[in-house]
Each structure stands twice: as C-alpha cells, then as structure tokens.
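Architecture at a glance
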Amino acid sequence: MSFVGPGSPRLRRQHRTHKGTDAMTTHTNGAYAQVNDLRMYYERHGSGRPLVLLHGGAHTIDLTFGELLPELAARHQVIAVELQGHGRTADIEREMTVPAFAEDVIALLDVLGIERADLFGFSLGGMTALEVAVRFPERVDRLVLASIPFRPDGYLDEIRDPALQAQSTRLPTEADFKVMVDAYTAIAPHPEHFQRFMAKCSVAAGYEGWSEDDLRGLAAPTLLLLGDTDFVRIEHAALMYGLIPDARLAILPDCTHMQVIRHPELLLPILEAFLR
C-alpha cells in the first residue's frame, strides 16, 4: 500500500528482453517499455525539463498523483511510471525490492533517451527515488522525497509495531484500503493476484535504507516533504535535513501519510518553487 510500512499486517505480462528500446503506445499518454525483463507502464505529459513521478506502494499513477499531475505537466515533461506489479505493470518472477525498482527507473530513462531528470517519489516511490539518487547521482537533477525515512528507526513505533496499530490515527482508513483494492482490480493485468502482490510489496517496503554517509553524499538539491501526523518522526526528517548538503524541509499541517499527496493547494506552490 502507499503506506507499506514495516511491521504492518495491512501492509503483471512478462517479456524477456533486457533494457529494450521499443515502446508500444496504448493510448494518448500511456505506453509500455521493456526494461529488465519487465513490461513497464508509463505515461508522458507536458514538455520541458523531465520530471519522473514515482507512486506509493499499492498505488497507481492516478492514486498518488492524480490531483497534482495536470499542474505539474503544465510546466514540466512528466514521466509517471507504474512499478513492478503495480497498476498496469504486470508482476514478474522477481522479488520486489527498492534496488530493483531503482534499476527499472534508470532502464526506462535509457529507453526514453533521457540522461537526467528531476525525481518526485512518495512513500515507496520516495524510497525508490532516493535509491536512484544514491546509486546513480549523475542521472538526477532535483529530488523530492515525500513521507520517507532513510532507515527503519525513522518510523514511529506505532507504524513498526502491529500491536500498537489498532489505536493509531495515522494509518490508512478502511476507505483508503478500498480505494487501493478497487484501483488494482480495475486495471491490473491479473487482478486475482492481489494478495500475492500485497505480500511482495510489503517485503519491498521493509528495505533497511541508507547510511548517514549516503545522505551526506547526495549531490542533488533535495526537498523533503512530510505530514505533521505522518509515519515518520519529525525529528528524523530534521536529521535527514541536516545530513543532506542541499536540502529543504516542508512539514505540511494537519496531514497524515495518506493526506500528504491530497492537498494540491499546499503542495503545488512548494513544488513549483523548488523545481523551477
């Protein structure tokens, strides 16, 4: 899920080519590209400097970025992807891991002939964006990381410990989960695989993260976004802000994890000021 947090109990067609160069258009903005044995769905909108959008766990492009994408595409060339097993991208016989997701993103940029791009990732997508920036710094211009820690102890105890989750007000609601399930079953190549997909996605979300030296070594200007009632401790976000050489930190008021990307009136001015 978008929340895809460690410890939570609530926590698609294969084509065997490697970093292929063909993309098959499916509608005006959507296409598939062959990357690392994965037939990855992506969309391109707008024009200008490339901006890659990376959705949250168990989300689709629309679930994470639906309210933001039109305004972002008015000023940027937006490339929005659906990661392994998510949305229209079929799962394959490979574990879902943050490093693998990052390699898929780089392979897609290679297919599209894009040498450098801004990255904006939310939750699991934010972890993927950070992995790209750490391992492939030459490919990243600006980096937006929404609602992620850089190591598991950055999560609040109630997110990491299932025994504390029943009383938490920070977790997705039943309505949130229904939206995720409905989105998956509506467009996934194999909607009957939802439970298997969720189990694999939860493993990916348990990634152990990065070192302080990794953050100190980030070359890209970085915007950290966090809700004031998010999964991540605010003091942990402040630590990230202190470690990253060229960082900005924005705490959105009255926002849980799921609400961070549902407030375009708060997010868009911050994003545009950073990405211009």
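What counts and what doesn't
- Residues numbered from 1 in each chain as written.
- Predicted model: local features only at pLDDT ≥ 70, side-chain atom pairs only at ≥ 80, totals over all residues.
- Heavy atoms only, no water.
- Helix = DSSP H or I, 4+ residues; strand = E, 2+ residues; numbered from the N terminus.
- Buried < 20%, exposed > 50% of the residue type's maximum accessible area, 1.4 Å probe, protein only.
- Polar contact = N/O pair within 3.5 Å; in protein donor to acceptor, adjacent residues only side chain to side chain.
- Contact = heavy atoms within 4.5 Å.
- Core = buried A, V, L, I, M, F, W, Y, C linked by side-chain atoms within 4.5 Å.
- Pairing = 2+ DSSP bridges.
- pLDDT = per-residue confidence, 0-100.
- Phe/Tyr/Trp six-rings, centres within 6.5 Å; stacked < 30°, edge-to-face > 60°.
- Lys NZ or Arg CZ within 6 Å of the ring centre and 35° of its normal.
- Salt bridge = Lys/Arg side-chain N within 4 Å of Asp/Glu carboxyl O.

As a further point, take the overall build of the protein chain. When helices and strands are counted, the protein chain shows 10 helices and 9 strands. The buried share of the protein chain, taken over its 276 residues, is 58%.

Structurally, Lys-200 is set in helix H7 (residues 194-205). Relative accessible area serves as the criterion here: at 11%, Lys-200 is assigned to the buried category. Looking at Lys-200, its side chain comes within polar contact range of the side chain of Asp-91, at 3.0 Å. Excluding its chain neighbours within four sequence positions, the residues that come into contact with Lys-200 are Gln-84, Asp-91, Ile-92, Arg-94, Glu-95 and Met-96.

Attention now moves to the nonpolar core. Of all hydrophobic cores here, the largest spans 66 residues; its most connected members are Leu-108 and Leu-143. Ranked by residues supplied to this core, first place goes to helix H3 (residues 98-112) with 10 residues. Dropping the residues within four chain positions of it, Leu-143 is found in contact with Leu-119, Ala-129, Leu-130, Ala-133, Leu-218, Ala-220, Pro-221, Thr-222, Leu-223 and Phe-274. Residues Leu-72, Val-78, Phe-120 and Ile-261 belong to the second largest nonpolar core, which totals 28 residues.

On to the pairing of strand E5 (residues 77-82), then. Along a regular strand, successive side chains alternate from one face of the sheet to the other. Counting buried positions along E5 gives 6 out of 6 residues, so the element sits mostly inside the fold. Sheet topology places strand E3 (residues 38-45) next to E5; 5 bridges connect them, and they run antiparallel. The residue bridging Arg-44 from the neighbouring strand is Ile-79, located in E5. Relative to E5, strand E4 (residues 50-54) runs parallel, the two being bridged by 5 bridges. Paired with Leu-51 across the bridge in E5 is Val-78.

Summing up the model confidence of the protein chain, the mean pLDDT is 89 and the portion of residues at 70 or higher is 90%. Contacts of residues 5-27 to residues separated by more than four positions or lying in other chains number 76 contacts, the stretch itself having pLDDT below 50.

Pairs of aromatic rings are described using the distance from one ring centre to the other and the angle between the two planes. Within this structure, the stated rule accounts for 6 aromatic pairs. For the ring pair Phe-194 and Phe-197, a centre distance of 6.2 Å and an interplane angle of 50° mean the geometry is tilted. Placement of the pair is Phe-194 and Phe-197 together in helix H7, with a separation of 3 residues, close to one helical turn. The burial state of Phe-194 is the same as that of Phe-197; both residues are buried. Relative to Trp-210, the ring of Tyr-207 has its centre 5.3 Å away and its plane inclined at 75°; by these criteria the two rings are edge-to-face. For Trp-210, a relative accessible area of 7% translates into the label buried. Through a chain of ring-to-ring contacts, three or more aromatic side chains come together here, namely Tyr-184, Phe-194 and Phe-197. The ring of Tyr-32 has Arg-39 lying over it, and the distance from NZ or CZ to the ring centre is 3.9 Å. Over the ring of Phe-274 we find Arg-142, and its NZ or CZ is 5.1 Å from the ring centre.

Counting across every chain of the model gives 20 salt bridges. Here Glu-71 and Arg-75 are joined by a salt bridge, their closest N and O atoms 3.4 Å apart. The class for Glu-71 is partly exposed, based on a relative accessible area of 39%. Residue Arg-75 is classed as partly exposed on the basis of its relative accessible area, which comes to 48%. The partner of Glu-272 in a salt bridge is Arg-75, with the nearest N and O atoms 4.0 Å apart.

We now examine the side chain of Glu-272. Relative to the assigned elements, Glu-272 resides in helix H10 (residues 264-275). What makes Glu-272 buried here is its relative accessible area of 14%. Setting aside its immediate chain neighbours within four residues, Glu-272 contacts Leu-72, Arg-75 and His-76.

A few words on the environment of Pro-253. Tracing the chain through its elements places Pro-253 in strand E9 (residues 247-256). Between the C-alpha atoms of Pro-253 and Asp-228, which are 25 residues apart in sequence, the distance is 5.5 Å. Not counting the four nearest positions on each side in its chain, Pro-253 is found in contact with Asp-228 and Leu-266.

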